[in-house]
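Residue-level listing of the chains:
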Protein chains: 2
Amino acid sequence: MIDGDTQTFALTLDKFLEHAAKWHPRAEVVTARDGGRVDRIGYASLLKRSRRVSAVLSGLGVQAGDRVGTLAWNTQAHVETWYAVMGMGAVCLTLNPRLTAVQLAAMAAKAQTRVLIVSADLAPLAAQIADIAPTVERLLVIDGELGKGDFAPSVEALEPLLAAANDKDVVWGDFAETAPSGLCFTSGTTGAPKGVTYTHRSSYLHTLRLLQADVMAITARDTVLTVVPMFHANAWGLPFAVPAVGAKLVLQGRHNDGPSLAALINAENATIAVGIATVWLGLVEHVEASGIELPSLKRIVVGGAPLPPALMERIERSLGVTVQTSWGMTELSPSGTFAPPDDPARSAAVSGRPAIGVDLLITDAEGTALPEQRNVEGHLRVRGAAVAERYFGETESATDGEGWFATGDLAKIDTEGNLIITGRAKDLIKSGGEWINPAEIEAVVSALPEVTLAAVIGRQHPKWGERPILLVQTRDHGMISDEALLAPLRDSVAPWWIPDAIIRIPQMPLAPTGKIDKIRLRVEYGG
Amino acid sequence: MIDGDTQTFALTLDKFLEHAAKWHPRAEVVTARDGGRVDRIGYASLLKRSRRVSAVLSGLGVQAGDRVGTLAWNTQAHVETWYAVMGMGAVCLTLNPRLTAVQLAAMAAKAQTRVLIVSADLAPLAAQIADIAPTVERLLVIDGELGKGDFAPSVEALEPLLAAANDKDVVWGDFAETAPSGLCFTSGTTGAPKGVTYTHRSSYLHTLRLLQADVMAITARDTVLTVVPMFHANAWGLPFAVPAVGAKLVLQGRHNDGPSLAALINAENATIAVGIATVWLGLVEHVEASGIELPSLKRIVVGGAPLPPALMERIERSLGVTVQTSWGMTELSPSGTFAPPDDPARSAAVSGRPAIGVDLLITDAEGTALPEQRNVEGHLRVRGAAVAERYFGETESATDGEGWFATGDLAKIDTEGNLIITGRAKDLIKSGGEWINPAEIEAVVSALPEVTLAAVIGRQHPKWGERPILLVQTRDHGMISDEALLAPLRDSVAPWWIPDAIIRIPQMPLAPTGKIDKIRLRVEYGG
């Protein structure tokens, strides 16, 4: 006792909104609505509404530790719901509306979710989920009018309940910082979806990481357009990080298309925009076609999938911004590495260094650390303050004996400590007993200015087992010849890595997270 | 158990140096030596040396929880010692060499310090401390040659011990994150010095706060000249924050004078320099006199005492930098608020907003919260993750019933949430039963371009009790008249606040922390 001590300060997520409400009360959360309208609210008012949502949930019997589902777009009401659920110590299960009712019902049931909060236009999907999932008792509708007669009696609009809610007895943050705050199922590109649990402490520390000048570098003077969906991987932590510094948060609502995003950026003077590369492709195409300018926008942060070099160059040139690359995954809360903002040496291939709190290891296929950790390709493992230890519902650890989590990514680390993702282990193609890495081929082809998106998959072959084929979405509707597409490969990969066939597709299929949907490509073209 | 979980990651300070050594192995720590020489070392090598210091201490019987004293300048060896002591779970007691042997011996004895690590030129002072403090058994000398025959046999040079040390059994970080890491006695401007305990967790969270883009915004591409002494208030946390992002750390060694600092800034291309205002005054005077330029330097961070507006303007103009203001104190680890870097609206009077993890309250003299918290002057209290809860050796809390720590500062908070320090409660002058705030008078007089430093103290008066007098260090040796010094006050303060006398002093006396020494001024001029 005589040692002296510092104050107790629990790392719980409610503190971000409380801080924003007290120190940045008029900084806004802006949500795009249909027809070019927006909703806007200051953090002080948002806090009050959010606490009322807690009161409503409490009235429905929701207690600390219970899972509350959301099936919603990026909107103010969704932010209010996040803080309401997490602030009272319940766990926010974010459901991806691009998945099927069967998939989502399995997640809701596994998490024993009784209450779902859903965007109005997703209420029919939510009703299907409730029909399948036995645990779901109650749907609360946000962001729009409740359709009449379509639903079971357990469906109710949230807004009228808020007006009647009494939040004076609501207590936020009265639980251990290690309590779970969120639950997000991986989209399950292979096997059954796995639930990743986030805790208050892990998401709090992840937020402090994002705010570093060498990471996302958000300041109170920024306006951050968050296109990454709140139903996926914590929206990269932005609904925590943006209020934590009192920046303005702009949410795109239902629409990710180029014209909608351009109009929103200009109307709200967004300075930073965050999302996966395929979203920015739509914005670039609109800007190039319309000649519109985006003078306020300084930086676009991308991640979630390899960024084609030609697309990065095109985004920077067409939008007049710098692109900041990053790497992460759902199990990392989700960020792992960031290239520094405005790095003069930035490159699409490089995903930056880990900030304090994240550590990386290159191993062989069995998980043994390679003796040399720099400039050697291997399997990537990660360890840190916001990395999954155990999936939801599991008793076994998701890490190895030294606490490392196997990402499934192939990577190398350069002399400067920068991470270069070189592929996905499960995407590797085995041809004649040897491995071919599709990501290396894709990187070379994607560097062609005529190429918008490229994907290489294995096609079954009677002699070789598998052979690579190239699927490509070109910029000018196929004006580039097959030979021109393959030519750069002849200098950069082994002759037997050259794809056997080229298939041109007008629109690359995207998975629910916006990444190229290789599962669908394999089903359609791999046989 | 079925909830799922994230990985365990203890917030201990050894992680900063481990991270720097792994991810920024060649980023340097540079120390200025006498005669313009420098020592330089990369973080990877510094980590190895630091672990050897732990081995030496372990060999001397130092265990987790034990206090190890340092009496040293800002040098590489001091950084190595910090991490060695804290990494093994011992507590680093930083002693201020500008205090007396009697004062320092009292601190060492109170902390039951057995081992002191001391800069060679401070060894005589350390020997005096050891003579007085019964607990001190051993002096280890760093940063220079050991003088012959002057000391007791318990004095030894550390460097030869390092060569023989075996660090393979040294374990760092194997303790609770709430364990104490550091101990710093306040300089005791009133009453007995009080020991402020820092914990690993509090200093770790403080570091993450410093790294935010809206706080100190240090990046891996920065070179940070840390003039704030490591013997005071954690050197504002820079020996943690700079390695944590892999920036280059430049330490000034023994010399704070203008020519030494200018030469060091230019030789090492410092981008950010951090210290109290009076240090920068010396640099400004040298730059103005010599015509030298400091092209690499972009920003100077000041704090620790009110910054005279004219001095801020002069620093910016003469050095070609932006000045970033801040407010903090030893009990806050030490930072409280920061104005954003490169804020176009920056002002010497404004100390910025609290970042997440710090909260402020304005109270009356008894500690009751004022009903209005904006634009009203009152007594400042603070609460947060790195704020003292209990002084070393005390059993009673240093906070009130709601967990607020009374800073002793007078302040107001503007509409935007910015903190404006308006004075020190104990500096107030009582004249005719009414209070006069010397800080308000000082701010007005300091705004005169002819004034370098100004201080107002109370002088005993037979009728009024106390009357204010102005002590002033002027820029051009007294070319400004008394009337010109007082003129701006006639428009800004009540007539009875106008000082009764002006005393010109060629060199303002500074306390051991570099602030104006009001205690000495009161002794010399207050009677």
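Here is a short report on the structure shown in this document. Everything quoted here is computed from the prediction, not taken from an experiment. (Residues numbered from 1 in each chain as written. Chains lettered and ligands numbered in written order. Predicted model: local features only at pLDDT ≥ 70, side-chain atom pairs only at ≥ 80, totals over all residues. Heavy atoms only, no water.)

Regarding its fold elements, chain A presents 14 helices and 28 strands. Considered along the principal axes of its C-alpha atoms, chain A spans approximately 70 × 60 × 45 Å. Of all 527 residues assigned to chain A, the portion counted as buried reaches 61%. Long-range contacts, defined here as pairs at least 24 residues apart, represent 65% of the contacts in chain A between residues at least 6 apart. Within chain A, the 59 negative side-chain charges are centred at a point lying 3 Å from the centre of the 47 positive side-chain charges. (Helix = DSSP H or I, 4+ residues; strand = E, 2+ residues; numbered from the N terminus. Buried < 20%, exposed > 50% of the residue type's maximum accessible area, 1.4 Å probe, protein only. Contact = heavy atoms within 4.5 Å. Lys, Arg positive; Asp, Glu negative; His and termini not counted. Charge placed at Lys NZ, Arg CZ, Asp CG, Glu CD.)

All names here are of chain A. For the coordinates displayed, the defined rule picks out 64 salt bridges over all chains. Notably, a salt bridge pairs Arg 49 with Glu 159, separated by 2.9 Å at the nearest N-O pair. Pair noted here: Arg 49 is in helix α2 (residues 43–59) and Glu 159 is in helix α6 (residues 158–164), with a separation of 110 residues, a long-range link. Close ionic contact of Glu 483 with Arg 490 constitutes a salt bridge, the shortest N to O distance being 3.1 Å. Using a relative accessible area of 43% as the deciding quantity, one classes Glu 483 as partly exposed. A network of salt bridges, in which partner residues are shared, links Glu 28, Arg 40, Lys 248 and Glu 268. (Salt bridge = Lys/Arg side-chain N within 4 Å of Asp/Glu carboxyl O.)

All names here are of chain A. Tracing the backbone through its elements, the reader meets Ala 72 in the loop between β4 (67–71) and α3 (76–87). We classify Ala 72 as buried; its relative accessible area is 0%. Beyond its immediate chain neighbours, meaning those up to four positions away, Ala 72 contacts His 78, Ser 119, Leu 122, Ile 142 and Phe 231.

Next up on the list: the packing of helix α12 (residues 438–446) of chain B against helix α13 (residues 482–490) of chain B. Residue and element names in this part refer to chain B. Between α12 and α13, the shortest axis-to-axis distance is 9 Å and the interhelical angle comes to 120°. In terms of axis orientation, α12 runs oblique to α13. Viewed along their axes, α12 and α13 form a crossing whose handedness is right-handed. Residue-level inspection shows Ile 441, Val 444 and Val 445 of α12 in contact with α13, the latter providing Leu 485, Pro 488 and Leu 489. Tallied by class, the residues present in the contact of α12 with α13 amount to six nonpolar, no polar and no charged. (Axes fitted to C-alpha atoms, helices over the stretch in contact; angles between N-to-C directions. Parallel < 35°, antiparallel > 145°, perpendicular 65-115°, else oblique. Left-handed = near helix turned anticlockwise from the far one by under 90°. Nonpolar A, V, L, I, M, F, W, Y, C, P; charged D, E, K, R; others polar.)

Attention now goes to the relation of the copies chain A and chain B. Screw-axis analysis of chain A against chain B gives a translation of 0.0 Å along the axis, an RMSD of 0.0 Å, and a rotation angle of 180°. Seen this way, the second copy is the image of the first under a two-fold rotation axis. (Least-squares fit on C-alpha atoms with pLDDT ≥ 70 in both.)

Attention shifts here to the interface of chain A and chain B. Of the residues lining the interface, 71 residues belong to chain A; the matching set on chain B comes to 71 residues. Roughly 5600 Å² of surface becomes buried between chain A and chain B when both sides are summed, with 52% attributable to carbon and sulfur atoms. For chain A, the biggest contributors to the area lost against chain B are A:Gln7, A:Trp23 and A:Ile356; these three give 16% of the whole. The tally of links from chain A across to chain B stands at 10 salt bridges. Across the salt bridge formed by A:Glu177 and B:Arg201, the nearest N and O atoms sit 2.8 Å from each other. Classifying every residue of the side of chain A that touches chain B by side-chain character gives 35 nonpolar, 18 polar and 18 charged. (Buried area = accessible area lost by both parts, 1.4 Å probe.)

This part is about the packing of aromatic side chains. Counted by the stated rule, this structure contains 16 aromatic pairs over all chains. Their ring planes at 70° and their centres at 6.2 Å tell us that A:Trp73 and A:Phe231 sit as a pair that is edge-to-face. Taken together, the residues A:Trp73 in the loop between β4 and α3 and A:Phe231 in the loop between β11 (223–226) and α8 (238–245) connect sequence positions 158 residues apart. You'll find A:Trp73 and A:Phe231 in the same group, each marked buried. Measuring from ring centre to ring centre gives 6.2 Å for B:Tyr83 and B:Phe240, while their planes differ by 85°; the resulting arrangement is edge-to-face. Taken together, the residues B:Tyr83 in helix α3 (residues 76–87) and B:Phe240 in helix α8 (residues 238–245) connect sequence positions 157 residues apart. (Phe/Tyr/Trp six-rings, centres within 6.5 Å; stacked < 30°, edge-to-face > 60°.)

The three strands are arranged β16-β17-β18 (chain A) in an open sheet whose pairing can be described as antiparallel. Two strands bound the open sheet, and with one partner strand each, they are β16 (326–328) and β18 (353–354) of chain A. (Pairing = 2+ DSSP bridges.)

Let's shift gears to the side chain of A:Thr399. Relative to the helices and strands, A:Thr399 resides in the loop between β21 (388–390) and β22 (405–413). Overall, the relative accessible area of 15% leaves A:Thr399 in the buried class. Here A:Ser397 takes part through its side chain, which lies 2.8 Å from a polar atom of the side chain of A:Thr399. The contacts of A:Thr399, once residues within four sequence positions are left out, are A:Ala388, A:Glu389, A:Trp404, A:Phe405 and B:Gln7. (Polar contact = N/O pair within 3.5 Å; in protein donor to acceptor, adjacent residues only side chain to side chain.)

In this section: the side chain of B:Ser335. With respect to the helices and strands, B:Ser335 occurs in strand β17 (residues 335–338). Discounting chain neighbours no more than four positions away, the residues touching B:Ser335 are B:His206, B:Arg209, B:Leu210, B:Trp327 and B:Gly328.

Turning our eyes to something else, we now look at the pairing of strand β23 (residues 419–424) of chain B. Bridging between strand β22 (residues 405–413) of chain B and β23(B) involves five bridges; their strand directions are antiparallel. The residue of β23(B) that forms the bridge with B:Ala411 is B:Ile421.

So, on to α2(A). The α-helix advances 3.6 residues per turn, and as a result positions three or four apart in sequence lie on the same side. The terminal C-alpha atoms of α2(A), which comprises 17 residues, lie 24 Å apart, in line with the 24 Å expected from a rise of 1.5 Å per residue. Of the residues making up α2(A), those classed as buried are A:Tyr43, A:Leu46, A:Leu47, A:Ser50, A:Arg51, A:Val53, A:Ser54, A:Ala55, A:Val56 and A:Leu57. (Expected span 1.5 Å × (residues − 1).)

We now examine the nonpolar core. Soluble, globular proteins show a tendency: their nonpolar side chains are buried together. Counting 220 residues, the largest nonpolar core has A:Leu57, A:Ile218, A:Trp280, B:Leu57, B:Ile218 and B:Trp280 as its most contacted members. With near-sequence residues (within four places) excluded, B:Trp280 lies in contact with B:Val227, B:Leu261, B:Ala273, B:Val274, B:Gly275, B:Ile300, B:Val301, B:Val302 and B:Ile315. (Core = buried A, V, L, I, M, F, W, Y, C linked by side-chain atoms within 4.5 Å.)

Residue and element names in this part refer to chain A. Across the junction of Ser 333 and Pro 334, the peptide omega takes the value 5°, indicating a cis bond. Examined against the element boundaries, Pro 334 turns out to sit in the loop between β16 and β17 (335–338). Unlike most non-glycine residues, Ala 217 shows phi in positive territory, near 55°. One can find Ala 217 in the loop between α7 (200–210) and β11. A residue is classified by how much of its surface remains accessible, and Ala 217, at 12% relative accessible area, is buried.

What follows deals with the sheet that holds strand β13 (residues 272–274) of chain B. All names here are of chain B. Spatial strand order, β3-β2-β12-β11-β13-β14-β15: seven strands in an open sheet with mixed pairing. The sheet is open, and its two edges are formed by β3 (38–42) and β15 (322–324), each paired on a single side. Taken pair by pair, the neighbouring strands of this sheet meet at an average axis angle of 20°, ignoring direction. When strand β14 (residues 299–301) meets β15, the two strands line up parallel, connected through three bridges. Bridge pairing links Ile 300 to Val 323 in β15. Across the sheet, α8 is in contact with β11 (223–226), β12 (248–251) and β13; its angle to β11 comes to roughly 170°.

Let's shift gears to the state of the cysteines. Throughout the structure, instances matching the rule amount to zero disulfides over all chains. A:Cys184 forms no disulfide, and the closest cysteine sulfur to it belongs to A:Cys92, at a distance of 9.9 Å. (Disulfide = S-S within 2.5 Å.)

On to the pairing of β17(A), then. All names here are of chain A. In this structure, β16 lies alongside β17, joined through three bridges in antiparallel fashion. Looking at β17, one finds that Ser 326 is bridged to Phe 338. Between the end of β16 and the start of β17, which pair antiparallel, lie six residues, with Ser 333 showing a positive phi angle near 80°. Examined bridge by bridge, β17 and β18 share two bridges and lie antiparallel to one another. Considered in β18, the bridge of Thr 337 is made with Pro 354.

For the rest of this paragraph, the subject is the packing of α7(A) against helix α7 (residues 200–210) of chain B. Orientation of α7(A) relative to α7(B), taken along the N-to-C sense of each, is 45°, at an axis distance of 9 Å. Relative to α7(B), α7(A) is oriented oblique. With respect to the hand of their crossing, α7(A) and α7(B) are arranged in left-handed fashion. Contacts from A:Arg201, A:Leu205 and A:Leu208 of α7(A) reach α7(B) at B:Arg201, B:Leu205 and B:Leu208. The residue inventory of the contact of α7(A) with α7(B), partitioned by class, reads four nonpolar, no polar and two charged.

Shape descriptors only; they carry no functional weight alone.
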